[in-house]
Amino acid sequence: MSHHRSNLRDIEFNLFEVLGADDYLGTGPFAEFDGDQARMVLDELDRFSRESIWAESFAPTDRTPLQLTDDGDVIVPDELHQALTALYDAGWHLLPLATHLGGAGAPPTIRWAATELLFGGHATAALWPIGPLMAAVIDRLGTDGQRERIARTMVDRRWGGTMVLTEPDAGSDVGAGTTRAVLVSDNGDDDLGSVWHLTGVKRFITSADCQTHENTLHLVLARPEGAGPGTKGLSLFLVPKFHLTDDDSRGERNGVRIASLEHKLGIRGSATCELVLGDGDTPCVGWLLGDVHDGIRQMFQVIEYARMMIGTKSMATLSTGYLNALDHAKVRVQGPDLSRARDRTAPRVEIIRHPDVRRMLMELKAHVEGMRALVLHAGWVQDQAQLALHESAPGVGDDDTEVHDRWIAREDLLLPMVKGYCSEKAFELLSTALQIFGGAGFTEDHPLEQYLRDAKIDTLYEGTTGIQALDLLFRKIARDQGETLSWLSGEIEAFLDAADDPDGIPGLTEERRLLAGALEDTRAHLGVVLGHALASMQEGEETQIHLAGLHATPLLFSLTETTIGWLLLRNATVALRALEHAAGPDVDFYTGKVAAARWYCANALPHVSARRVAAEREDGALMELADAAF
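Residues numbered from 1 in each chain as written. Predicted model: local features only at pLDDT ≥ 70, side-chain atom pairs only at ≥ 80, totals over all residues. Heavy atoms only, no water.

K.L.:
Account for the pattern of salt bridges, with residues named and values stated.
P.N.:
Where charged atoms of side chains with opposite charge meet at close range, the side chains can pair. Tallied over the entire structure, the rule returns 41 salt bridges. Here Glu444 makes a salt bridge to Arg63, at a shortest N to O gap of 3.6 Å. Of this pair, Glu444 sits in the loop between α12 (398-437) and α13 (448-456) while Arg63 is found in helix α4 (residues 58-63), placing the two residues 381 residues apart along the sequence. Residue classification places Arg63 among the partly exposed residues on the basis of a relative accessible area of 38%. Here Asp521 ties to Arg612 by a salt bridge, and the two come within 2.8 Å at their closest N and O atoms. Placement of Asp521 in helix α16 (residues 509-535) and of Arg612 in helix α20 (residues 606-616) is noted, with a sequence separation of 91 residues between them. The exposure class of Asp521 is buried, given its relative accessible area of 12%. (Salt bridge = Lys/Arg side-chain N within 4 Å of Asp/Glu carboxyl O. Helix = DSSP H or I, 4+ residues; strand = E, 2+ residues; numbered from the N terminus. Buried < 20%, exposed > 50% of the residue type's maximum accessible area, 1.4 Å probe, protein only.)

K.L.:
Which residues make up the state of the cysteines, and what are the values?
P.N.:
Considering all chains together, one arrives at zero disulfides under this definition. Here Cys284 is not disulfide-linked; the sulfur of Cys273 is the nearest cysteine sulfur, at 15 Å. Here Cys422 stays free of any disulfide, with the sulfur of Cys601 as its closest cysteine sulfur at 17 Å. (Disulfide = S-S within 2.5 Å.)

K.L.:
So, the packing of aromatic side chains: which residues are in play, and what are the values?
P.N.:
Counting across every chain of the model gives 12 aromatic pairs. Their ring planes at 35° and their centres at 5.8 Å tell us that Phe48 and Trp54 sit as a pair that is tilted. Of the two residues examined, Phe48 and Trp54, each falls in the buried class. Grouped by ring-pair contacts, the aromatic residues Phe13, Phe589 and Tyr590 constitute a single cluster. Positioned above the aromatic ring of Phe16, the side-chain terminus of Arg39 is 3.7 Å from the ring centre. Its guanidinium or amino end placed over the ring of Trp407, Arg410 lies 4.5 Å from that ring's centre, counting from NZ or CZ. (Phe/Tyr/Trp six-rings, centres within 6.5 Å; stacked < 30°, edge-to-face > 60°. Lys NZ or Arg CZ within 6 Å of the ring centre and 35° of its normal.)

K.L.:
Can you break down a nonpolar patch on the surface residue by residue, with the values?
P.N.:
A contiguous nonpolar surface patch, about 210 Å² in accessible area, is contributed by Leu470, Phe474 and Ile545. For Leu470, a relative accessible area of 37% puts it in the partly exposed group. (Patch = residues over 30% accessible without salt bridge, like charges linked within 9 Å, V, L, I, M, F, W, Y side chains within 5 Å. Areas by Shrake-Rupley, 256 points an atom, 1.4 Å probe, with all protein chains shown as cover.)

Coordinates in, geometry out; function isn't part of it.
Structure follows, in structure tokens:
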């Protein structure tokens, strides 16, 4: 039996019963992808993620080491190669791509639902097929020649792709990168962009090479000669492993090689590499993306997609971890019921009957369903952004662009929550899921130990949690003076106001009160942190910013938990109404939705108040403590 336990029922509940995707699928930019097609695609992909080589290759990929040849080529385990080939043969890599690139044109909500299924079935394998993402970025930002020859070729010939930022001495501080680019020639008749030679070393490059991909395109940040310091001086270059010939087939090898493979805690089947540019006598040739020097803004289109992807990966892994633990708890017989603990003759019961196990199971269920609601809500926001700018809609103009920009700002606000909170909480709670298995969970007999190892990287990928918190505070809240955050809090307030109607949310009065309190506490916490940030702008008060930094990550957690509390209560409202006419398994499903929302409000939201108090009492003593005292 497959390790993967999916929850297509909850995915479809969010998409169609809560978010109302049926109302706009099959229209506007999604005209070729209606609700029936979405259901069919997700049903087929769910089966693929559980019943094919995709899930079967999960453990062998982890336990068979990658190989690096003398020529700098990576050989992945046969099972992983077969899984990736199966995905490509089925065309699943085409699902998120625009139709003009040969894709299915699936809207973001469906893409992220599909991403959950693929990562749940095999998280490491799902990190590999990102060539289509790179092709989509080139299609948006590239020259005509780059779009026609590189983006299309990447899709048609199943190229791999990488994002190349990190250097040995420039990790999170991307602007400190020293990889250099020297101009060789200006853009030519082929319109592939100006040609540059790159030299430098990049580290921690994910999925940099495997035998499944006949070619791999690296998107490399480098500093052109004469460019200024920091991130603004960086440009983005297209660097293929093999050059293109005149007929777009694979040509000679470029001067970019893998020098070593990292040996890692988890995701062992992902080739995390050190990449040398300009190795030996062969120059590393790159083309300037779009033939413009706008590297960090261009790369952020990849980074933001990757952050959403990693948050979804975290949630997907926790979901299958929870469902594995649930199945185990239903069949594992151990000990008597606690009420008969002194009775030596009492029958032994399944561990799901034990109070502490039930507590852990509900903690897992509530957080998984809350994270899924958050991910799919963010996908719905992305859907709205596309609907606002649909080119065939009548009267598209400045007003429509403003609407689109507001939706994009809302997406930006949600991204640190999806990536930062989901990655941290999923890793924490996977340990809880393992606890339910007891000692057996620590062995390779069950997938939990690999889930844990494969999930830890999510807290580090695409910016650590601390970086996500600073991004939320300074780029997503302070930069637009809280306008977008006001939209989110306004949505929560509108929900609470509507609930004052006796018919609004029957039976959830206490949960509404707890959510209202969490919203108030989060606002107060934010006010304290922003107060320190504003004070730091005064001469002589610069170190006040430290006090803001000390409570930025707790603020990220509180804002996310408040948002999830709202989403879970919104889901519970739908479930309570559906229970009025539900039958069969749906009764248990909807009852579980209400129970999860109630548990979350009673047990997770009180942490928000504690973080507010800690922020209000902060005196900065930690920053004054001598380093040696640590």
